[in-house]
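Topology and contacts: notes
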Amino acid sequence: MSLQPVDPRYKPYKGAAAGWGALKSVTRFWLDSKQPFKNLRALLKTNQNGGFDCPGCAWGDSPEDGRIKFCENGAKAVNWEATKRRVDAAFFARYSVSQLREQSDYWLEYQGRLTQPMRYDRQTDHYVPVSWEKAFALVARHLNQLESPHQAEFYTSGRASNEAAYLYQLFVRAFGTNNFPDCSNMCHEASGVALGQSLGVGKGSVTFHDFEHADAIFVLGQNPGTNHPRMLEPLREAVKRGAQVVCFNPLKERGLERFQHPQHALEMLSNGSRPLNTAFFRPALGGDMAAIRGIAKFLLQWEREALANGEAPVFDHAFIAEHSEGVDAYLAEVDATPWAQIEQQSGLGLDEIEIAARIYRDAGNVIICWAMGITQHRHSVPTIQEIVNLQLLRGNVGRPGAGLCPVRGHSNVQGDRTMGINDRPPAALLDALEKRFGFKVPRENGHNTVEAINAMLGGAAKVFIGLGGNFAQATPDSPRTHAALQNCELTVQISTKLNRSHLTVGQEALILPCLGRTDIDYQANGPQAVTVEDSFSMIHASFGQLEPSSREMRSEPAIIAGIAKATLGGHPVDWDALIADYDRIRELIADTIPGFDDFNRRVQHPGGFYLGNSANARQWSTANGRANFKANPLPEDLLHEKVRRTGQTPHLILQTLRSHDQYNTTIYGLDDRYRGVRGQRDVVFANETDIRRLGFEPGQKVDLVTLWDDGVERRVSGFNLLAFDIPAGQAAAYYPETNPLVPLESYGDGSYTPTSKFVAIRLEAARDNGRIL
Ligand SMILES: Nc1nc2c(c(=O)[nH]1)N[C@H]1C(S)=C(S)[C@@H](COP(=O)(O)OP(=O)(O)OC[C@H]3O[C@@H](n4cnc5c(=O)[nH]c(N)nc54)[C@H](O)[C@@H]3O)O[C@H]1N2
Ligand SMILES: Nc1nc2c(c(=O)[nH]1)N[C@H]1C(S)=C(S)[C@@H](COP(=O)(O)OP(=O)(O)OC[C@H]3O[C@@H](n4cnc5c(=O)[nH]c(N)nc54)[C@H](O)[C@@H]3O)O[C@H]1N2
Ligand SMILES: [Mo]
């Protein structure tokens, strides 16, 4: 490894993940929130019965274990939301929208909570206060004057509660469209599509306790030390009891290497840390499908040898015969895949793949986890189906200690889908809504995120409503997405914090400030709880704990009901009555969404209730009623035709990822502790050999330019080129700064997820010195 600390703001991190470094960092964020003690009290109730669900990630905890679980990044999320700072009318009077646009994403959100509804005044270029009633009337006027309901886009980010999401989809479908672009389109969409086709349910099959019974846990394309820190504990326990933890990641992420338990005093005092894996493989970007195919090919070879020698078989023949279909076609595809292609595409040696295959074979029960390193590629759907194929060969689905675990991102992104935030809704959901509410629901597919951007760009969509999130920054091809939003007649953002989406305004624009997870939600019948679903299909209640910083903010359900009532009147429900008491929303959910019978009673159960998962029960809700092996060929070439058509060879393949100090487009700070970066975000990590091969010096400022044959220049400028321990040919840089590089047309086959982990780029000496943060 060659690390060149030419920049004082870049120094390799030597400590373990979590532990003291994390504690120091939490304290800093705490003090900065301006109400440290209140937030501490609130945090102690995170993920506990009677507390609120952590607004961080969607990792679930043991439902029986009452212990307080929080992590450094959960603490940051809570402090960030529960700040005392405010972005109010005085703030917007001080800054014009054009002035605000000059500020960094970090600065914008740092200014505090949005506290009152605001309307954009094009004459003065300022946001000005507006009453809730006038705001709702403005939305209703725009929606009702559209020629078709399909001219509006209704975005959802994954923090929306089940209650908010359910009301939103009910309103939008009663209005007449399935245009539900959501953050999931950019996230785990490929997991939903792949698992749905293979196994009949688009969710992970494992539960929390399965991790205690796994003999091997594979972690593919995921950085839990930063993004799912509560997952480190089960991984650590697994290594401790002798299970294998096998990582596939081009970056040696610190959290996957070593870990110090933040809640074990002895470990912290002795400064001891535990290794968190037993094998680490560093594939090429997009090379995982080939790697898994390689494991399957070794298994097939050993299966044949076992058969010839009269030894115990490698495959689970009973499972395959009773539950699956397509094994022969799949094994023929495995046979037909040349070893050379596996080696070349995976970026791994066959000796490495063989080691992984041996671990896999020798483990009784295997869980495979994955996240964005797997889902944000063009061939993500076949890659996830290859993971399923492998698991099916040894019956590693639907038995304790084994299964599939797409580790979700936003804390309720899985629940939002369950509630019907879906641009391709299943017929059963639409039938149930039609039957219960007696209106004709739209049956045609709606727009996903990429389609919504195209519709707005082309003028086919004229109204954008965002239930949370930061559409302008989270989406690809930023200048085009910004133009798309600006092309709208009305843009509406329902949000907690100021971000660039509020500044990327249509002809008219509204900011509707809402309560967050930590805030107490007072309604006519008293304080309300909401519910969420974690990655393990556990549904539980969340109670806000902190006094809202302004009485003018409204809850997400109340805002949706306000828009719905202004637009549709009392159709198809009495919106006000639902808001008075969210039990009434949950009754509607119980009536229409499978698995939620008796919802209001069951959610009282401490730790919540398990929604169930058909694949985990070995029931296959697929067309043929079987678990399906999918015989997909490996991609012929990982480079897209549009890259090849430029005639240029990419200097590097870039993945865009998260630093340790951010939550998606929310930037908490400018450090990335585990990767040794301090005080900067415009950095690009590359291998020192590549840097010199391309004629650059470590520490030099460079521009990154995308190779894509459509005549559009995609460039970000003035990035600090850091020599880093990364495989040759690869680069990594932070999202959202690099979103301008991802072409809108570069998305996953069958998933439409932008290929944020695979962008062919060239480096140029910097044209200017970049932005100052
Ligand atoms: N603190 C914090 N927590 C979060 C978030 C956050 O921003 N901050 N975001 C939330 C959300 S919405 C999500 S979706 C999750 C995201 O969680 P992650 O998926 O962990 O997020 P990324 O930072 O995108 O990291 C991708 C990881 O995959 C690796 N990788 C990239 N390409 C490949 C590949 O081709 N193959 C393999 N094997 N590995 C690859 C990268 O090196 C990196 O370690 O986290 C959630 N939790
Ligand atoms: N290049 C690149 N692009 C990516 C990714 C990547 O890895 N690389 N990852 C993708 C992924 S996995 C995801 S999930 C998306 C994320 O896309 P989004 O979910 O759209 O983005 P966030 O940054 O999570 O949204 C942050 C904003 O949400 C608002 N907010 C926070 N809490 C609440 C709340 O409780 N209620 C409401 N109404 N608003 C709230 C705040 O105003 C805050 O500014 O980005 C995607 N984009
Ligand atoms: Mo995500």
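Attention here is on the structure that accompanies the text. Residue positions are given per chain, counting from 1 as you read along its sequence in written order. Key to labels: chains lettered from A, ligands numbered from 1, both in the order written. Note on the predicted model: pLDDT of at least 70 is required for a residue's local features to be given, and 80 or more for side-chain atom pairs to be given and counted; whole-chain, interface and lining totals, by contrast, use all residues. For side-chain calculations, the full set of non-hydrogen atoms in the structure is used, while hydrogens and water are omitted.

Observations regarding helix α30 (residues 582-592)
Regarding α30, the residues found buried are Y582, I585, R586, L588, I589, A590 and T592. You can read the cap of α30 off the contacts: a side-chain oxygen lies 3.0 Å from the backbone nitrogen of D583, and it is on D581. Accessibility here uses a 1.4 Å probe with only protein chains present; expressed as a share of the type maximum, an area under 20% marks a residue as buried, one over 50% as exposed, and anything in between as partly exposed. The secondary structure listing takes helices from DSSP runs of H or I that are at least 4 residues long and strands from runs of E that are at least 2 residues long, numbered from the N terminus. Within 3.5 Å is the distance limit for a polar contact, defined as a pair of N or O atoms, with the added protein rule that one can donate a hydrogen and the other accept it, and that residues adjacent in sequence qualify only through two side-chain atoms.

Here's the deal with the site of ligand 1
The near set for a molecule or strand comprises every residue that places at least one heavy atom within 4 Å of it. Of all residues adjacent to ligand 1, which total 31 residues, the nearest are N249, E253, D288, Q662 and N664. The backbone of N227 places a nitrogen or oxygen atom 2.8 Å from a nitrogen atom of ligand 1. Here N249 contributes a side-chain N or O atom positioned 2.7 Å from an oxygen atom of ligand 1. Where accessible areas are quoted, they stem from the Shrake-Rupley method and a 1.4 Å probe; at the residue level, only the protein chains shown are allowed to cover. Computed on the free molecule, ligand 1 has an accessible area of 930 Å², of which 99% lies beneath the protein chains in the complex. Only α11 (224-227), α20 (372-375), β24 (652-657) and β25 (662-663) provide two or more residues apiece to the shell around ligand 1.

Some details on the environment of P275
Along the chain, P275 turns up in strand β10 (residues 274-275). Given a relative accessible area of 47%, P275 falls into the partly exposed group. Contacts: residue pairs with any heavy atoms within 4.5 Å of one another. Setting aside its immediate chain neighbours within four residues, P275 contacts V239, E257 and R258.

Observations concerning the sheet that holds strand β9 (residues 258-260)
Pairing is mixed across the open sheet formed by three strands, whose spatial order is β1-β9-β10. Lying at the two open borders of the sheet, with one neighbouring strand each, are β1 (17-18) and β10. Pairing between two strands is assigned when DSSP locates at least 2 bridges connecting them. Looking at chain direction, β1 and β9 are connected through two bridges and run parallel. Counted as the bridge partner of A17 is F259 from β9.

So, the packing of helix α8 (residues 162-175) against helix α23 (residues 427-437)
Each packed pair of helices is defined by two parameters, the angle between the axes and the distance between the axes. For the pair α8 and α23, the least separation of the axes is 12 Å and the interaxial angle reads 80°. Between α8 and α23, the interaxial angle falls into the category roughly perpendicular. Here α8 contributes Y166, Q169, L170 and R173 to the contact with α23, which in turn contributes L429, L430, L433 and F437. Classifying every residue of the contact of α8 with α23 gives six nonpolar, one polar and one charged. In this analysis an axis means a line fitted to C-alpha atoms, helices contributing only their contacting stretch, and an angle means the value between N-to-C directions, from 0 to 180 degrees. When an angle is under 35 degrees it counts as roughly parallel; over 145 it counts as roughly antiparallel; between 65 and 115 it counts as roughly perpendicular; any other value is oblique. Note that Gly is not counted as nonpolar here; it falls among the polar residues with everything else outside the nonpolar set of Ala, Val, Leu, Ile, Met, Phe, Trp, Tyr, Cys and Pro and the charged set of Asp, Glu, Lys and Arg.

Things to note about the site of ligand 2
Near ligand 2 you find 31 residues, and of these E109, Y155, A474, E556 and T665 are the closest. Contact distances for ligand 2 include 3.3 Å between an oxygen atom and a side-chain N or O atom of Q376. Contact distances for ligand 2 include 3.1 Å between an oxygen atom and a side-chain N or O atom of N664. Alone, ligand 2 offers 930 Å² of accessible surface; in the complex the protein occludes 96% of this. The residue inventory of the shell around ligand 2, partitioned by class, reads ten nonpolar, 15 polar and six charged. Both domain 2 (86-185 + 420-604) and domain 4 (641-772) contribute no fewer than three residues apiece to the shell around ligand 2. Here the limits of each domain have been adopted from an automatic or database domain assignment.

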